[in-house]
Amino acid sequence: MKLIKAIVRPNKVDDVKEALGRVSLSGMTVTEVRGHGKQKGHTAIYRGKEYDVSLLPKMEIEVVVPDELVDDAVAAIIQAARTGEIGDGRVFVIPVEQSYRIRTGERSDL
Amino acid sequence: MSTSIVGVETAREELSAAAAHGQGGRAALQRFSDSIDDLLKRLFADAPAATSSLIVALGGYGRRQLCLQSDVDVLLLFDGPIGPAEEGRVRAILHPLWDLRFSVGHQIRQMDDFAELEIDNPEFLLALLDARAVAGDAALLDRIAARVSTPAAHARILDALKRLIGERHARFNDTFYQLEPDIKDAPGALRDLWAARTIAAMTDPALLDRGPTDSPRLGDAEEFLLRLRSILHLEHKRNNNVLSHEIQERAAERMGYTGAPRQQVERLMGDYFRHARAVSRSLRWVRQNAPVPVAANLVQSRDGVRFVDADRARTHPERWLSLFQAALDAGTSVADESLTWIQQRVDRYRPEEFFPTSAEQTALLMFLRPRAGLYERLSEMHDCGLLGQMFPEFQAIFCRVVRDFYHKYTVDEHTLLTIRGLERLATRAVKGRERFSTLLNDLAHPELLVLSLLFHDVGKWRDEHHADESVRMAMEMMERVQMPEESRALVEFLIRHHTKMSLLAFRRDTEDPEIVRQLADLVGIEERLKMLCLLTLVDIEAVSPGTLTPWREELLWRLYVDTYNRLTLEYADERIEHDESGLQALVAGRPDDVTDAEIARFAEGMPRRYLRLFPYVEIYRHVRLSRDIRPDDVHANLERKDSLWELTVVTLDKPFLFSNICGALSSFSMDIARGHAMTNPNGLVLDVFQFTDQERFLELNATGKDQLLTILDAVISGATAVTERLRAREQSVLHRRRPGVTSTPPVIHADNQSSRRYTILDLVADNALGLLHRVSRVISQHGCDVDLVLISTEGQKAIDVFHITKAGTKLSDAAIAGLTTDLHHMLEA
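Residues numbered from 1 in each chain as written. Chains lettered and ligands numbered in written order. Predicted model: local features only at pLDDT ≥ 70, side-chain atom pairs only at ≥ 80, totals over all residues.

1. Focus: the overall build of chain A
For chain A, the count of helices and strands is two helices and six strands. Element order for chain A, N to C, with α for helix and β for strand: β-α-β-β-β-β-α-β. Against the globule reference of 13 Å for 110 residues, chain A gives a C-alpha radius of gyration of 17 Å, more extended than a compact globule. The principal-axis extent of the C-alpha atoms belonging to chain A is close to 60 × 30 × 20 Å. (Helix = DSSP H or I, 4+ residues; strand = E, 2+ residues; numbered from the N terminus. Rg over C-alpha atoms; globule rule 2.2 N^0.38 Å.)

Structure, rendered in structure tokens:
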């Protein structure tokens, strides 16, 4: 069981969601985040004044998947979120030790 | 006339006889007053002819309560200058009165005297409240009454009345328990009674009956006091109103009190104090509870603003909006009483009846300017049914429920909440949103944004394509209220595209220049971009409390900034081509006196935004101004536009041109707020400046416009040195920086990347007289040509964008460095 954490462009969330659905993954958590990777943002100018836009708005998608679906899920995310330009984002895969369903308290293996 | 004189003498004798028996009350005094009326009518009829005139009864005579020894207060009013004929008429009226031993308090005035109210003569203003036309042209009095019947005049009169009451009471040590009371002036006596009635009449006629002494009870007090006063005039044989110890016994007897003389006096004085207490309490109540007049037929009291005269309100539904405007102005609510009154009647009126003329349309737009309280007032209008009756389109979404995952409120409330969001931006009530507040403050017509918000979702009464339906319904409304064409186009644009910016900001890649280009093409000019951005912000915020996150705000802001930069920095490269669709539309709609060739010669090669910036009717005027223009010719037009003046100049380009035009305006202390300067490839220059006339030069001088245009011509032709004219102005004490006013360091940013043709100078500095002139002069001194300029202000900051070239090309880095250094030196000096 793995946690896939993907940082993507805000406008790509719907595409990623659709792509994950196609590999039979429907549950996910989406969070509005700001940050930068290699893209590092840039300095914008408004009315003659520079202002820092180094922290760029991104969306973070978290999805927990069975080990056997990890590769499909990562591939689906990458294909859906890619534009080929700097700033497309990152995908992290993190091991998950245990999972519990809050409603019933029972342990769940997805 | 002798009959009338006999009539007066008879009436005087009858009043004396009535007074002797304690019967000189209201009815007797009225009969006496009427006899004077008859005499004056006769004297007026017999007097020599003169200009239209009127005899007006004032004070106690005006109230028909003339006592035996009272002054006969009259105003002789003439509708024109007073010459020998009028003086003859005055003598023919006044001399017989003096012969009859009347003490006459007379004033002789011509109507022009009332052009300005005599605020330093409150006694006269008060006397006018009891004015009554006796003989002559009564319309003259109606004209004066119209001038006195304004909220401002009423407020002054009330202030004066309250001050006079205070001074009078002080003379009696502020108590009505006087052993020898003055029946006219003492606290609780006749003047207090009249004052209570006057205050109630001017503010709320029903006020007296809600107080501790109702009208019949006050009537009893008045009758008692008038009878006593008649006795005093009879006994004293002069205008003396003091009920002295020696008079009290005789007065008690005449009033019919029984018992021993001492008992009679005690009963008399007991009754007097009872009446005086009632009058005193009534006056105190009225003074404490009288509402304040705030507009015609409107007063403000503790429960809010309400109508004074409901009958008047009933016949004038077009004035109902003023009720809410007055509440907005006063920072209070509309009284429940008036809201209920409207609710019970509003469905009797058709929408057109609320906006019969352009004055009501103007009032509507004034009302919709975003400010504290607008949401509350609109909600009141909605709750009492007025909003829906004025705008049936809005009624269509009354309590409309649209089920989706996001919206938490009914469509009507969502709509009103968007306006609350805008109101909070206007008042800078939301921390962290100052950048959006600044955009709102920049808008020339924020009321049109509110109007757009009010109608942006009315199409949701049906389930699909709500934006198109909202546009259709809004257009119907704007046709009904006769909105100007330009405003209609803007509102239509905002409603039609109200979801566009949200779609681009949150569903598209805003890093993609193509997305920014799309939005820039859609909006065309900065004003529309700002409005659409604000509309989007408050529309999202009003969906539910958590919808507008800081993250979304940031995305929206970045899209705004990128689009703004594209509009202001990159527009110069996009020129109007011969086959431009906008140009073809301009040609197709041309008036007969403008030819295709003229339009093409003028507009081709101008920045494409020119077609978005001005309505076609304005562009045709520009074309006309460009006719037959030769070097050194200046074709200009100066006119008032709302609160600003607008100067349009068409001329041929030359060095220092822009600097000189700005200098000429500043030399008249004109504060340039907005403007555009454009040049076409033929060297034809169009400069449009909107400015405020700080010293009211144009307003106060009949030839002011001509003077300004003459100086402009002289400055551009080089006949007059503008720097000299301006220096004197700049040294004026009116324009010195005041101590304690902080200045912000100027910002100058040079951009050689955004445009293919131009170096762009972005300049932000404290606004000051002659700033544009000085900046552009430095630019010209560096041998640069000013081809395009955008001028704007944000509060006290001037924000200007210059597109410049040197010898037809962009500036080198060295040239930019030299220019910006000199600009910094000049701005910081």
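2. Here's the deal with the overall build of chain B
In terms of helices and strands, chain B carries 38 helices and 15 strands. What you see for chain B is a C-alpha radius of gyration of 36 Å, clearly larger than the 28 Å of a compact globule of 829 residues, by over 25%. For chain B, restricting intrachain contacts to residue pairs at least 6 apart in sequence, the fraction spanning at least 24 positions comes to 70%. (Contact = placed C-beta atoms within 7 Å.)

3. Description of the pairing of strand β1 (residues 53–57) of chain B
Residues and elements named next belong to chain B. Most of β1 is tucked away: five of the five residues are buried. Where burial is concerned, the two faces of β1 agree: the one with S53, I55 and A57 and the one with L54 and V56 are both buried. Across five bridges, β1 lies against strand β2 (residues 72–78) in antiparallel orientation. Paired with A57 across the strands is V74, a residue of β2. In this structure, β1 lies alongside strand β4 (residues 132–136), joined through four bridges in antiparallel fashion. Bridged to V56 within β4 is A133. (Buried ≥ 20, exposed ≤ 12 C-beta atoms within 10 Å, placed from the backbone. Pairing = 2+ DSSP bridges.)

4. As for the sheet that holds strand β6 (residues 89–95) of chain A
Residue and element names in this part refer to chain A. If you trace the four strands from one edge of the open sheet to the other, you get β2-β5-β1-β6, paired in antiparallel fashion. Strand pairing shows two members of the sheet lacking a second neighbour, β2 (29–35) and β6, which therefore form its edges. Taking each pair of neighbouring strands and ignoring which way they run, the sheet shows an average axis angle of 20 degrees. As judged from the seven bridges shared by strand β1 (residues 2–8) and strand β5 (residues 56–65), these two strands associate in the antiparallel manner. Note that in β5 the partner of I7 across the bridge is E60. Each of β1, β2 and β5 is contacted by helix α1 (residues 13–22), which is oriented at about 15 degrees to β5, the strand it contacts most. (Axes fitted to C-alpha atoms, helices over the stretch in contact; angles between N-to-C directions.)

5. What to know about the interface of chain A and chain B
Counting residues at the interface gives 15 residues for chain A and 20 residues for chain B. Mapped by element, the contributors of at least two residues to the side of chain A that touches chain B are β2 and β3 (43–46) of chain A. Among the elements that take part in the side of chain A that touches chain B, β3(A) stands out by supplying three residues, more than any other. Its residues placed into classes, the side of chain A that touches chain B shows six nonpolar, four polar and five charged. (Nonpolar A, V, L, I, M, F, W, Y, C, P; charged D, E, K, R; others polar.)

6. A short note on helix α12 (residues 261–289) of chain B
Because each turn of an α-helix spans 3.6 residues, side chains separated by three or four positions in sequence point in the same direction. Residue and element names in this part refer to chain B. Counted at 1.5 Å a residue, the expected span for α12 with its 29 residues is 42 Å, and the 42 Å between its end C-alpha atoms agrees. Buried within α12 we find Q264, L268, Y272, H275, A276, V279, S280, S282, L283 and V286. Those residues of α12 that are buried lie in contact with α8 (190–203), α9 (207–210), α10 (215–236) and α11 (245–254). (Expected span 1.5 Å × (residues − 1).)

7. Focus: the confidence of the model for chain B
Interpretation of the predicted coordinates at a detailed level should be avoided for regions scoring low in pLDDT. The share of residues in chain B with pLDDT of 70 or more is 97%, and the mean pLDDT across the chain is 90. Complex prediction metrics read pTM 0.73 and ipTM 0.80. (pLDDT = per-residue confidence, 0-100.)

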